[in-house]
Amino acid sequence: MTVQLNHTIVAAHDKRASARFLADILGLDVSPPYGPFLPVEISNGVTLDFMDSPGAITPQHYAFLVSEEEFDEIFARIQEAGLTYWADPFHSRPGEINHNDGGRGAYFDDPDGHRLEIITRPYGSGG
């Protein structure tokens with residue numbers, strides 16, 4: 001049996017704003033609503049299904065493996081949007097990117113505090 005991640009639910013105070021934020025930064029599209037969900041599909045077929053959630057939201061971490069060219073494009077959009085970014089998940093190195101495993105990576109937050117990451121090399125791939 002081949003096990004693949006198909007979708008995950010992303011809690012948001014405003015699912016439309018949060019889905020649009022992610023889609024705009026990553027250069028993706030927001031799909032039509034599916035029940036209470038607003039999906040954003042990434043290239044391997046996995047969807048992040050945004051759902052309105054009242055009250056406090058526990059921040060989650062979502063990492064996206066991108067090409068070097070895509071990193072440049074996404075990072076430019078992060079900077080153009082005036083977003084704070086970090087080289088590490090602990091937010092201790094603001095305004096920096098990392099070069100883990102011989103690639104590049106950066107962390108930034110979405111409107112609900114979810115920690116988003118773009119990387120050009122999978123962790124542990126060497127470099």
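If you check an unreviewed UniProt entry, the chain appears there as Cysteine transferase from Streptomyces lomondensis.

Participant: How should I be thinking about the overall build of the chain in this particular structure?
Facilitator: Looking only at helices and strands, one finds two helices and seven strands in the chain. Rg of the C-alpha trace for the chain: 15 Å, near the compact-globule value of 14 Å for 127 residues, within the 12% margin. The principal-axis extent of the C-alpha atoms belonging to the chain is close to 45 × 40 × 25 Å. Sequence separation of 24 or more characterises 52% of the internal contacts of the chain that already satisfy a separation of 6 or more. The centroid of the 8 positive side-chain charges in the chain is displaced by 1 Å from the centroid of its 19 negative side-chain charges.

Participant: Can you help me understand helix 2 (residues 68–80) in this one?
Facilitator: Since the α-helix advances by 3.6 residues per turn, residues separated by three or four positions end up pointing in the same direction. Along its 13 residues, helix 2 runs 18 Å from first to last C-alpha, staying within 8% of the 18 Å computed at 1.5 Å per residue. Among the residues making up helix 2, those that are buried are Phe71, Ile74, Phe75 and Ile78. Along the axis of helix 2, the buried positions cluster into a sector of 100°, meaning they face one direction only. Pointing more than 90 degrees away from the buried face of helix 2 are the exposed residues Glu69 and Glu80. Contact partners of the buried residues in helix 2: helix 1 (15–26), strand 5 (85–86), strand 6 (105–109) and strand 7 (115–119). Looking one or two places after helix 2, you find glycine 82, whose phi comes out positive at around 70°.

Participant: I would appreciate a short explanation of the pairing of strand 2 (residues 37–41) in the present structure.
Facilitator: Residues in a regular strand project their side chains so that they alternate between the two faces of the sheet. Taken across its five residues, strand 2 has four buried, putting it largely inside the fold. Hairpin geometry of strand 2 and strand 3 (residues 47–52) is characterised by an intervening segment of five residues between the two adjacent antiparallel strands and by a positive phi of about 90° at glycine 45.

Participant: I keep staring at the nonpolar core and nothing clicks. Help me out?
Facilitator: Across soluble globular proteins, you tend to see nonpolar side chains buried next to one another. Residues Leu22, Leu48, Phe50, Phe64 and Ile118 are the most contacted members of the largest nonpolar core, which totals 26 residues. Counting only elements with at least two residues in this core, the list comes to strand 1 (7–12), helix 1, strand 2, strand 3, strand 4 (61–65), helix 2, strand 6 and strand 7. No other element matches helix 1, which puts six residues into this core. The contact partners of isoleucine 118, leaving out residues within four places of it in the chain, are Leu26, Phe64, Val66, Phe71, Ile74, Phe75, Ile78, Arg104, Gly105, Ala106 and Phe108.

Cut-off values and rules
- As a convention, each chain's residues are numbered from 1 in the sequence order in which they are written.
- With the structure being a predicted model, the display of local features is reserved for residues of pLDDT at least 70 and the display and counting of side-chain atom pairs for 80 or more, all residues being used for whole-chain, interface and lining totals.
- As a rule here, side-chain values come from all non-hydrogen atoms in the structure, and water together with hydrogens is ignored.
- The secondary structure listing takes helices from DSSP runs of H or I that are at least 4 residues long and strands from runs of E that are at least 2 residues long, numbered from the N terminus.
- Just to be clear, the radius of gyration here is over C-alpha atoms, and the globule rule we use is 2.2 Å times residues to the power 0.38.
- A contact between two residues is defined here by any heavy atoms of the two lying within 4.5 Å.
- Residues scored as positive are Lys and Arg, those scored as negative are Asp and Glu, and His as well as the terminal groups of each chain are ignored.
- Every charge is mapped onto a representative atom, which is NZ of Lys, CZ of Arg, CG of Asp or CD of Glu.
- One less than the residue count of a helix, multiplied by 1.5 Å, gives the span that helix is expected to have.
- Working definition: with a 1.4 Å probe on protein chains only, accessible area under 20% of the residue-type maximum means buried, over 50% means exposed, and in between means partly exposed.
- Note that the arc is defined by the directions from the helix axis to the C-beta atoms.
- Each pair of strands is called paired provided DSSP finds at least two bridges between the two strands.
- What is meant by a nonpolar core is a set of buried Ala, Val, Leu, Ile, Met, Phe, Trp, Tyr and Cys residues, joined one to another through side-chain atoms within 4.5 Å.

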